[in-house]
Amino acid sequence: GQQLNQSPQSMFIQEGEDVSMNCTSSSIFNTWLWYKQDPGEGPVLLIALYKAGELTSNGRLTAQFGITRKDSFLNISASIPSDVGIYFCAGEDSNYKLTFGKGTLLTVNP
Amino acid sequence: ETGVTQTPRHLVMGMTNKKSLKCEQHLGHNAMYWYKQSAKKPLELMFVYSLEERVENNSVPSRFSPECPNSSHLFLHLHTLQPEDSALYLCASSQDQGGGYTFGSGTRLTVV
């Protein structure tokens, strides 16, 4: 089956620092999605990318859909304590099937 | 209420018990999903319902039985579970299959 390699698995940063995480795959996807999951809650959609090369921002978050359609990255600028959580990438194929990465656990030290 | 609501939030059950998880979506979506989330593993798709019909069953053991009586409600009936079935069970919905899903808060299931 399809697999996504998401890295890093975890990050420990100081408040104010920028963060970058990415996902790569051997498969092509039509859509890339980035979710955040807070403790005890379900994932919440942060950014959706629909076109190769697309660069989209949502506040301090910026994500890009790789040109090859096999990768995506998410950047968070000027991190704050509430950015803590698990970030998941997900790729959607031509059959509308979502494949999720294993997640990046982000810890922000005040 | 808005979004996707799951009940109960927490459930502890013995291996011989029968219980059900409930999901309700208030978004007017026509597709609903059950996912299993275990520690250090990617989200695992269990079942997909589109227009109240099951369209995908990812080789899930028969001790998990889904039911979708209408487009707003989804159930997961559980019986004779194993300890390794302990996980967070997430429900999600979407408009058509595709695009961003809206997830519920999940049911934390512990099988003892």
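From a predicted model like this one, the values you see are computed outputs, not experimental measurements.

Cut-offs used in this document
- Residues numbered from 1 in each chain as written.
- Chains lettered and ligands numbered in written order.
- Predicted model: local features only at pLDDT ≥ 70, side-chain atom pairs only at ≥ 80, totals over all residues.
- Heavy atoms only, no water.
- Core = buried A, V, L, I, M, F, W, Y, C linked by side-chain atoms within 4.5 Å.
- Buried < 20%, exposed > 50% of the residue type's maximum accessible area, 1.4 Å probe, protein only.
- Contact = heavy atoms within 4.5 Å.
- Disulfide = S-S within 2.5 Å.
- Helix = DSSP H or I, 4+ residues; strand = E, 2+ residues; numbered from the N terminus.
- Pairing = 2+ DSSP bridges.
- Axes fitted to C-alpha atoms, helices over the stretch in contact; angles between N-to-C directions.

**Student:** Explain the nonpolar core here, please?
**Tutor:** Nonpolar side chains in soluble globular proteins tend to be buried together. The biggest cluster of nonpolar side chains holds 22 residues, and the ones touching the most others in it are B:Trp34, B:Phe64, B:Leu76 and B:Leu78. Among residues more than four places away in sequence, those in contact with B:Phe64 are B:Met46, B:Phe47, B:Leu76, B:His77, B:Leu78, B:Leu81, B:Asp85 and B:Tyr89.

**Student:** Hey, could you run me through the state of the cysteines in this one?
**Tutor:** Note on terminology: disulfide describes a covalent bond linking the sulfur atoms of two cysteines. All chains considered together, the criterion is met by two disulfides over all chains. Put simply, A:Cys23 and A:Cys89 are joined by a disulfide, and their sulfur atoms are 1.8 Å apart. A torsion of -85 degrees about the S-S bond marks the disulfide between A:Cys23 and A:Cys89 as left-handed. One end of the pair, A:Cys23, is in strand 3 (residues 19–25); the other, A:Cys89, is in strand 9 (residues 85–92), and 66 residues separate them in sequence. Using a relative accessible area of 0% as the deciding quantity, one classes A:Cys89 as buried. Two residues share a disulfide in this structure: B:Cys23 and B:Cys91, whose sulfurs sit 1.9 Å from each other. Torsion about the S-S bond of the B:Cys23 and B:Cys91 cystine: about -75 degrees, corresponding to left-handed handedness. Of this pair, B:Cys23 sits in strand 3 (residues 18–25) while B:Cys91 sits in strand 9 (residues 87–94), and the two are 68 residues apart along the sequence.

**Student:** Help me out: how do you make sense of the sheet that holds strand 7 (residues 64–70) of chain B in this one?
**Tutor:** Picture the strands of a sheet paired through backbone hydrogen bonds; they go either parallel or antiparallel. Residue and element names in this part refer to chain B. The four strands lie next to each other as 1-3-8-7, forming an open sheet whose pairing is antiparallel. Every interior strand has two partners, whereas the edge strands, strand 1 (4–7) and strand 7, have only one. Mean inter-strand twist for the sheet, computed between neighbouring axes without regard to direction, equals 20 degrees. Examined bridge by bridge, strand 7 and strand 8 (residues 73–79) share five bridges and lie antiparallel to one another. The residue of strand 8 that forms the bridge with asparagine 70 is histidine 73.

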